Amino acid sequence: MNAIETTGLSKRYKNKTAVDNLTFAVEKGTLFALLGVNGAGKTTTIKMLSCLTPPSAGDALVAGCSILGDPQGVKAKINVSPQETAVAPNLTVKENLVFIAGIYGSAPAEAKKKAAEMMAAFGLAKETENKAKTLSGGTQRRLSIAMALISRPEILFLDEPTLGLDVLARRELWKAIEKLKGEVTVILTTHYMEEAEALSDTIGIMSEGRLKAVGTAAQLMKLTRTSSFEDAFIALAGEAEAEV
Amino acid sequence: MRMRAFALRTWKEILRDPLNIAFGLGFPLVLLLLMSTIQANIPIALFEIGRLAPGVMVFGLSFLSLFSGMLIAKDRTSSFLTRLFASPLTSRDFIAGYTLPLLPMAVMQGAVCLAFSLIWGFPLNAKMLLLLAVNIPASVLFIGIGLLAGSVLTDKQVGAVCGALLTNISAWLSGIWFDLNLIGGAFKKIAYALPFVHAFEAAKAAAAGNLDIILPHLVWVGAYALAVFAMAVFAFQKKMRG
């Protein structure tokens, strides 16, 4: 069963096509990584799938709801962790979590219960009463992802979740993301090849707004006859369209 | 439920910023103290408390624009608003959630100003309640200006526009700090075409109990408040649509 199905999804601005006729599917409960150089169309694709910007053409079914016909239905079933850490700086860790649970419809008591669960799951229990602005970059990022999961989304969009983190914080976050597999469908964008290789079930490589290839890391290496995933990415990012 | 959660967050974010408290409450009180001290040492009636207190109350509202504008602009520039735009919050939830917490803050700010004005002889009577009520349309106007600025400008630009430009415009063109008849001409005409002097005149009339003078001035303020708020809602919804 597919969590996401896009059909001819496109986004055009005045003089530029940011995303061009994107058609792909993501299986439920898997982690799908979207890779590409800057300006490849990854973030625009995520913005369209999470109803942050309307497509110029095409449509997508996200958790069974059309992004054109039922954006509120989509929004109720997804959550997003944006590229930059997106937390309310003057709210405590607990208040940030309760706030997000509240805007997804949880009653105050239920929101507090969910917040406690998230703090335990993401190692934030010691930071409960600390304001978000006082946390380290890595802890803020963990909080940001916990905020994205507190609504128990069917689909989670992670836009460059480890950007700017040190290697320890990055590995810690990888563990948290890996635990989601099977329960939540995760769409991840990243510039780190090793991150995509380590975490993803399927990888889509975008270039100039088009999806150049989709497959596992091993399949993409085989397709390009390369010995490392980074070489496979470099070969595909500038190559003609390919299917595995 | 959703709007309530969002409004509660707005309330906490604003009240927990020490700069907001300093500008929102501290600065108007310092103005009251300074102007009253000046008045005590000059032979003419320039800053009598009956005129000064409603003036400081109206001028203090300009900081609401700064609070709301800065919060929205920071939410936008930090990607926090991206997260919220992807949630089931509707545009109505956003507008109400950003606006409603600021109205009680405006009333609180006015009440604190009035309480301190008692020290310099402002009469303790029911006209105080009328004065607080008359300031509500002006509060909506200044909150709307903040919402509009926060929707289209960065947080630095909001600081310049709402923190410097707006406070200066509302100070110079409101007649709070000097009689506009002293300059007259085009300056006075421009001032009376804008809402700030009308907000001050309505507040001054409420403090003096001149009920028949209040309404014409409030119509000016209300019309501006509606127009600015409509523009703010349009600009915010445009941002929401990406």
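Here, the structure is the one placed above.
Residues numbered from 1 in each chain as written. Chains lettered and ligands numbered in written order. Predicted model: local features only at pLDDT ≥ 70, side-chain atom pairs only at ≥ 80, totals over all residues. Heavy atoms only, no water.

S.K.: Just to check I follow, could you spell out the overall build of chain A for this structure?
M.R.: Counting secondary structure elements, chain A contains nine helices and 11 strands. Against the 2.2 N^0.38 benchmark of 18 Å for 244 residues, chain A shows a C-alpha radius of gyration of 18 Å, consistent with a compact globule. Dimensions along the principal axes, computed over C-alpha positions, put chain A at roughly 50 × 40 × 35 Å. Classification of the 244 residues of chain A by burial places 57% in the buried group. Considering only contacts within chain A whose residues lie at least 6 apart along the sequence, 65% involve residues at least 24 apart. Of the roughly 10,400 Å² that chain A leaves accessible, carbon and sulfur atoms contribute 50%. (Helix = DSSP H or I, 4+ residues; strand = E, 2+ residues; numbered from the N terminus. Rg over C-alpha atoms; globule rule 2.2 N^0.38 Å. Buried < 20%, exposed > 50% of the residue type's maximum accessible area, 1.4 Å probe, protein only. Contact = heavy atoms within 4.5 Å. Areas by Shrake-Rupley, 256 points an atom, 1.4 Å probe, with all protein chains shown as cover.)

S.K.: Any chance you could explain the side chain of Thr45(A) here in plain terms?
M.R.: All names here are of chain A. For threonine 45, the position within the fold is in helix 1 (residues 42-49). For threonine 45, a relative accessible area of 0% corresponds to the buried category. Apart from residues lying up to four places away in sequence, threonine 45 is in contact with Val19, Leu22, Leu34 and Met206.

S.K.: So what exactly am I meant to see when it comes to a nonpolar patch on the surface here?
M.R.: Taken together, the side chains of Leu19(B), Phe23(B) and Phe27(B) define a hydrophobic patch exposed on the protein surface, amounting to about 270 Å² of accessible area. Relative to the elements of secondary structure, Leu19(B) occurs in helix 2 (residues 18-40). (Patch = residues over 30% accessible without salt bridge, like charges linked within 9 Å, V, L, I, M, F, W, Y side chains within 5 Å. Salt bridge = Lys/Arg side-chain N within 4 Å of Asp/Glu carboxyl O.)

S.K.: Just checking my understanding: could you explain empty space enclosed by the protein for this structure?
M.R.: To find the voids left in a structure, one rolls a probe of water-molecule size over its atoms. All names here are of chain B. All told, the structure shown has one cavity of 30 Å³ or more when counted by the stated rule. In this model, the largest cavity occupies a volume close to 50 Å³. Residue assignment for the lining of the largest cavity shows that the elements contributing at least two residues are helix 7 (102-117) and helix 8 (127-152). (1 Å grid on protein atoms, 1.4 Å probe; cavity = no way out; pocket = protein on both sides within 12 Å on 5 of 7 lines; lining within 4 Å. Points joined across faces, edges and corners; volume = space filled by probe spheres on them.)

S.K.: What is the right way to look at helix 2 of chain B in this model?
M.R.: Residues lying three or four places apart along an α-helix face the same way, a consequence of the helix completing one turn every 3.6 residues. Residue and element names in this part refer to chain B. For helix 2, with 23 residues, the first-to-last C-alpha span of 31 Å sits near the 33 Å given by 1.5 Å per residue. In the structure, helix 2 departs most strongly from a straight axis at glycine 26, where the bend amounts to approximately 35° and where the proline proline 28 lies between one and four residues downstream. Burial in helix 2 covers these residues: Asn20, Gly24, Pro28, Leu29, Leu31, Leu32, Met35, Ser36 and Gln39. Turning to helix 2, the residues buried within the fold contact helix 1 (2-15), helix 3 (49-60), helix 4 (62-77) and helix 7. A side-chain oxygen of the first residue of helix 2 lies 3.1 Å from the backbone nitrogen of leucine 19; this N-cap is aspartate 17. (Expected span 1.5 Å × (residues − 1). Bend = angle between axes of the 7 residues up to and from the residue. Polar contact = N/O pair within 3.5 Å; in protein donor to acceptor, adjacent residues only side chain to side chain.)

S.K.: Could you clarify how one ought to interpret the interface of chain B and chain A in this entry?
M.R.: Accessible area lost when the parts come together is the quantity often used to give the size of an interface. Facing the 26 residues of chain B at the interface are 35 residues of chain A. Buried area between chain B and chain A, summed over both chains or domains, comes out near 2,400 Å², and the portion from carbon and sulfur atoms is 57%. Ranking the residues of chain B by area buried against chain A places Arg16(B), Arg83(B) and Ala86(B) at the top, with a combined share of 28%. Our count for the chain B to chain A interface comes out at two salt bridges. As a salt-bridge pair, Glu95(A) and Lys12(B) come within 3.4 Å of each other at their nearest N and O atoms. The tally of links from chain B across to chain A stands at 10 residue pairs in polar contact (both at pLDDT 80 or more). Residue assignment for the side of chain B that touches chain A shows that the elements contributing at least two residues are helix 1 and helix 5 (80-85) of chain B. Ranked by residues supplied to the side of chain B that touches chain A, first place goes to helix 1 of chain B with seven residues. Considered class by class, the residues forming the side of chain B that touches chain A number 10 nonpolar, seven polar and nine charged. (Buried area = accessible area lost by both parts, 1.4 Å probe. Nonpolar A, V, L, I, M, F, W, Y, C, P; charged D, E, K, R; others polar.)

S.K.: It is not clear to me how the packing of helix 3 (residues 93-103) of chain A against helix 4 (residues 108-121) of chain A should be interpreted in this structure. Could you clarify?
M.R.: Packed helices, taken two at a time, are described by their axes: the angle between them and the distance between them. Residue and element names in this part refer to chain A. Relative orientation of the contacting elements helix 3 and helix 4 amounts to 125°, with a least axis distance of 8 Å. One finds that helix 3 runs oblique with respect to helix 4. Considering how the two elements wind past one another, helix 3 and helix 4 form a crossing that is right-handed. Residues Val93, Lys94, Leu97, Val98, Ala101 and Gly102 of helix 3 lie in contact with helix 4, whose contacting residues are Ala111, Lys112, Ala115, Met118 and Met119. (Axes fitted to C-alpha atoms, helices over the stretch in contact; angles between N-to-C directions. Parallel < 35°, antiparallel > 145°, perpendicular 65-115°, else oblique. Left-handed = near helix turned anticlockwise from the far one by under 90°.)

S.K.: Looking at this structure, I do not really get the packing of aromatic side chains. What am I missing?
M.R.: Remark: the centre distance and the inter-plane angle together describe each pair of aromatic rings, the angle taken between the planes. What the rule picks out here adds up to 19 aromatic pairs over all chains. Relative to Phe32(A), the ring of Phe24(A) has its centre 5.2 Å away and its plane inclined at 15°; by these criteria the two rings are stacked. Overall, Phe24(A) belongs to the buried group, its relative accessible area being 8%. When the ring of Phe59(B) is compared with that of Trp177(B), the centres are 5.7 Å apart and the planes differ by 85°; the resulting orientation is edge-to-face. (Phe/Tyr/Trp six-rings, centres within 6.5 Å; stacked < 30°, edge-to-face > 60°.)

S.K.: Can you help me understand the layout of surface pockets in this one?
M.R.: Approximately 560 Å³ is the volume attributed to the largest pocket. Lining the largest pocket we find 23 residues, and of these Lys47(A), Leu52(A), Arg76(B), Thr82(B) and Phe85(B) sit closest to its centre. Looking at the lining of the largest pocket, the elements with two or more residues in it are helix 1 of chain A together with helix 4, helix 5, helix 8 and helix 12 (211-240) of chain B. Looking at the lining of the largest pocket residue by residue, the class counts come to eight nonpolar, nine polar and six charged.

S.K.: Help me understand the nonpolar core in this model?
M.R.: Taken as a class, soluble globular proteins show a tendency for nonpolar side chains to be buried jointly. The biggest cluster of nonpolar side chains holds 161 residues, and the ones touching the most others in it are Leu97(A), Phe229(A), Leu84(B), Phe94(B) and Trp177(B). Ranked by the residues each element gives to this core, the list is headed by helix 8 of chain B, at 11 residues. Setting aside chain neighbours within four positions, we find Leu97(A) in contact with Ala115(A), Met118(A), Met119(A), Leu143(A), Ala146(A), Met147(A) and Ile150(A). (Core = buried A, V, L, I, M, F, W, Y, C linked by side-chain atoms within 4.5 Å.)

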